[in-house]
Amino acid sequence: DGKTLEVSQVIKNLPNGYYKVSGDLITQDGFVNDQHVFATSSLQSSNSASLTEGLWNDNNAGTWTTLTSDKVLVHDGGLTIGASGTLANQNQSGWFCATNFQLLYLGAATQAEIEAALAAKAENAKQANDAKVKAAEDIATRNNDLAIKQAQLQQEADTRKAQAAAATGIEE
């Protein structure tokens, strides 16, 4: 459970600009999980809404649902498109079929939009790094506090042991 089922394609040499991807997905009733289409560039990612109902029937037919991602900015000519879902219930729930992918070019991006997206990506990376540094510092602080507490407990145990030995010597 929790495994991802994904089909995807990497597209290269695209004109820079904004894109959306659409695709038709289907699954059975009772097997709907989080199946969706996606578009991922080096700057941004977008998932469509997830399937909401399983329309596959016992005659190996049914009604396909068209899902569409939000726009994604491409600045280096590369884009990955596909469909994905999380498998659950011993990997049965979450399966899907996908077809009829369409890549939609929405138009060029301005240099200011590209620079803003690059800055946003850099800021997100900085925040993620800061969070990792903070987590590492918190762990180091807890480890240090535990080492101090362990040393204090050892010192208290040694003191009690010495006091017990001294008391035994006085009684003799």
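Notes on the structure follow. Computed from a prediction, not measured in an experiment: that's the story for all the values here.

### Considering the overall build of the protein
In step 1: When helices and strands are counted, the protein shows one helix and eight strands.
In step 2: Expected size for 172 residues packed as a compact globule is a radius of gyration near 16 Å; at 29 Å, the protein overshoots this value by more than 25%.
In step 3: When its C-alpha atoms are laid out on the principal axes, the protein stretches across 95 × 50 × 20 Å.
In step 4: Counted over contacts in the protein with a minimum sequence separation of 6, partners at least 24 positions apart contribute 80%.
In step 5: With the model as given, the accessible surface of the protein reaches about 11,000 Å², and the carbon-plus-sulfur share is 50%.
In step 6: Within the protein, one finds 12 positive and 20 negative side-chain charges whose respective centroids are separated by 6 Å.

### Side note on the pairing of strand S3 (residues 36-40)
In step 1: Of all five residues making up S3, four are buried, and the element is well covered by its neighbours.
In step 2: In this sheet, strand S7 (residues 79-86) lies alongside S3 in antiparallel orientation, the contact comprising five bridges. Within the sheet, the bridge partner assigned to threonine 40 lies in S7 and is threonine 80.
In step 3: Looking at chain direction, S3 and strand S4 (residues 45-47) are connected through three bridges and run antiparallel. Bridging from a neighbouring strand, threonine 40 pairs with serine 45 of S4.

### Notes on the sheet that holds strand S1 (residues 4-11)
In step 1: Overall, antiparallel pairing links the four strands, which are arranged S1-S7-S3-S4 in an open sheet. Sheet topology places S1 and S4 at the edges, where each strand pairs with a single neighbour. Each neighbouring strand pair of the sheet contributes to a mean axis angle of 15 degrees, computed without reference to strand direction.

### Re the side chain of serine 69
In step 1: Its location among the elements puts serine 69 in the loop between strand S5 (65-68) and strand S6 (72-74).
In step 2: Not counting chain neighbours up to four residues away, the residues in contact with serine 69 comprise Lys20, Val21, Val37, Ala39, Ser46, Asn47 and Ser48.

### Notes on unusual backbone geometry
In step 1: Its identity as a non-glycine residue notwithstanding, asparagine 13 has a phi of 65 degrees, on the positive side.
In step 2: Topologically, asparagine 13 is positioned in the loop between S1 and strand S2 (17-26).
In step 3: Under the relative-accessibility criterion, asparagine 13 is labelled exposed at 76%.
In step 4: Non-glycine residue asparagine 100 carries a positive phi angle of around 60 degrees.
In step 5: Its place among the elements puts asparagine 100 in strand S8 (residues 97-107).
In step 6: Exposure remark for asparagine 100: the relative accessible area of 40% places this residue in the partly exposed category.

### Some details on the packing of aromatic side chains
Two aromatic rings are characterised by how far apart their centres lie and by the angle between their planes.
In step 1: Within this structure, the stated rule accounts for three aromatic pairs.
In step 2: Ring geometry for tryptophan 56 and tryptophan 95: centres 5.9 Å apart, planes at 80 degrees, overall edge-to-face. With tryptophan 56 in the loop between S4 and S5 and tryptophan 95 in the loop between S7 and S8, the pair connects residues that are 39 residues apart, well separated along the chain.
In step 3: Residue tryptophan 95 is classed as partly exposed on the basis of its relative accessible area of 22%.
In step 4: Chaining the aromatic ring pairs together yields one cluster made of Phe31, Trp56 and Trp95.
In step 5: Lysine 71 extends its terminal NZ or CZ atom over the ring of tyrosine 18, reaching a point 4.4 Å from the ring centre.

The rules we used
Residues numbered from 1 in each chain as written. Predicted model: local features only at pLDDT ≥ 70, side-chain atom pairs only at ≥ 80, totals over all residues. Heavy atoms only, no water. Helix = DSSP H or I, 4+ residues; strand = E, 2+ residues; numbered from the N terminus. Rg over C-alpha atoms; globule rule 2.2 N^0.38 Å. Contact = heavy atoms within 4.5 Å. Areas by Shrake-Rupley, 256 points an atom, 1.4 Å probe, with all protein chains shown as cover. Lys, Arg positive; Asp, Glu negative; His and termini not counted. Charge placed at Lys NZ, Arg CZ, Asp CG, Glu CD. Buried < 20%, exposed > 50% of the residue type's maximum accessible area, 1.4 Å probe, protein only. Pairing = 2+ DSSP bridges. Axes fitted to C-alpha atoms, helices over the stretch in contact; angles between N-to-C directions. Phe/Tyr/Trp six-rings, centres within 6.5 Å; stacked < 30°, edge-to-face > 60°. Lys NZ or Arg CZ within 6 Å of the ring centre and 35° of its normal.

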